[in-house]
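Commentary on secondary and tertiary structure
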Amino acid sequence: MSLTLYAHPFASYCWKVLIALYENGTPFRYRMVDDADAFAELEELWPLKKFPVLKDGEASVMESSVIIEHLMLRYPGPTRLIPEGIDAALKVRFMDRFFDNYVMTPMQKLVSDSMRANGEHDTNGVAEAKTMLDVAYGWLEKQLALQTWAVGSHFTMGDCAAAPALFYSDWVHPIGERFPGVRTYRTRLLARPSIARTVDEARPYRKLFPLGAPDRD
């Protein structure tokens, strides 16, 4: 088996790659980064020690979006996560960046701030993150009125990015009743077999969530 994924089941950016792998039934070795030996291996591949990292033979591929691009080029499967047409592919790549930058990033800001000591909280940063999430939810609500998935009627890399972003963001800043289309889309994502499998594999680690995992999902 030429593919080894260095990842952790609870890490949001690892979800993106796991969903892509499960979606196409791509064989791979799962190297869970949860002990000193695994971190040492990871550091040899990528000194920044950020995961996921995909080892493909002698090549190392970093960053979740780039890993999915690599998989689509080298190991394509029945679900084409990035369309062949340039215009369609750009739309998918944009939605991938939308979820990473405007949902995942402010979500992580709220989580990381909750871990700060008393007196060190970034009140302005938290307010800005919540505002960004509300604006992102509102923009997405309009987009989803026109389509089933992140980009049209087909499941793509945009949805791989959407699943962890909306899964965790709804935990820290609920989508609420104002954005019923986004809530329905989140439910539709969680029902997708590749995503449901990823969520289930992460269940034993919910105690790691700093704000406390809600009793749902």
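Just above sits the structure.
Being a predicted model, the structure only gives us computed values, none of them experimental.

1. A look at the pairing of strand 4 (residues 59-62)
- With four bridges connecting them, strand 3 (residues 53-56) and strand 4 associate as antiparallel partners. Bridge assignment links K55 to a residue of strand 4, and that residue is S60.
- Here strand 3 hands over to strand 4 after two residues, with G57 in that stretch at a positive phi of 65°.

2. Considering the nonpolar core
- Formed by 64 residues in total, the largest nonpolar core has its most connected members in F99, L166 and Y185.
- Where this core is concerned, the elements lending two or more residues are strand 1 (3-7), helix 1 (12-23), helix 3 (64-74), helix 4 (86-114), helix 5 (123-144), helix 6 (157-172), helix 7 (180-191) and helix 8 (193-202).
- When residues in this core are grouped by element, the largest group, eleven residues, is from helix 6.
- Not counting residues up to four positions away in its chain, the partners in contact with F99 are M104, L140, A150, G158, A161, A162, A165, L166 and Y185.
- Counting residues in hydrophobic clusters, the runner-up holds six residues, among them A38, L42, L45 and V53.

3. What to know about the sheet that holds strand 2 (residues 29-32)
- With mixed pairing, the four strands of this open sheet are ordered in space as 2-1-3-4. Strand pairing shows two members of the sheet lacking a second neighbour, strand 2 and strand 4, which therefore form its edges. Each strand axis lies, on average, 20° off the axis of its neighbour in the sheet, ignoring direction.
- Where strand 1 and strand 2 come together, four bridges link them in parallel fashion. Its bridge partner lying in strand 2, Y6 is registered against R31.
- Packing of helix 1 onto the sheet brings it into contact with strand 1 and strand 2, and relative to strand 1 it is tilted by some 150°.

4. Quick notes on the packing of aromatic side chains
- In the structure shown here, the tally under the stated rule is 19 aromatic pairs.
- Taking 4.7 Å as the distance between ring centres and 45° as the angle between the ring planes, the aromatic pair formed by F98 and W139 counts as tilted. Taken together, the residues F98 in helix 4 and W139 in helix 5 connect sequence positions 41 residues apart.
- Given a relative accessible area of 5%, F98 falls into the buried group.
- With 5.8 Å between their ring centres and 15° between their planes, Y168 and F209 make a pair best called stacked. Of this pair, Y168 sits in helix 6 while F209 sits in the segment after helix 8, and the two are 41 residues apart along the sequence. Judged on exposure class, the residue Y168 and its partner F209 are both buried.
- Through a chain of ring-to-ring contacts, three or more aromatic side chains come together here, namely F10, W15, F167, Y168, W171 and F209.
- Here R192 stacks its cationic end above the ring of W149, 5.3 Å away from the centre of that ring.
- Here R197 stacks its cationic end above the ring of Y22, 3.7 Å away from the centre of that ring.

Definitions and cut-offs
- Residues numbered from 1 in each chain as written.
- Predicted model: local features only at pLDDT ≥ 70, side-chain atom pairs only at ≥ 80, totals over all residues.
- Heavy atoms only, no water.
- Pairing = 2+ DSSP bridges.
- Helix = DSSP H or I, 4+ residues; strand = E, 2+ residues; numbered from the N terminus.
- Core = buried A, V, L, I, M, F, W, Y, C linked by side-chain atoms within 4.5 Å.
- Buried < 20%, exposed > 50% of the residue type's maximum accessible area, 1.4 Å probe, protein only.
- Contact = heavy atoms within 4.5 Å.
- Axes fitted to C-alpha atoms, helices over the stretch in contact; angles between N-to-C directions.
- Phe/Tyr/Trp six-rings, centres within 6.5 Å; stacked < 30°, edge-to-face > 60°.
- Lys NZ or Arg CZ within 6 Å of the ring centre and 35° of its normal.

Such coordinate-based values are descriptive only and should not be taken to indicate function.
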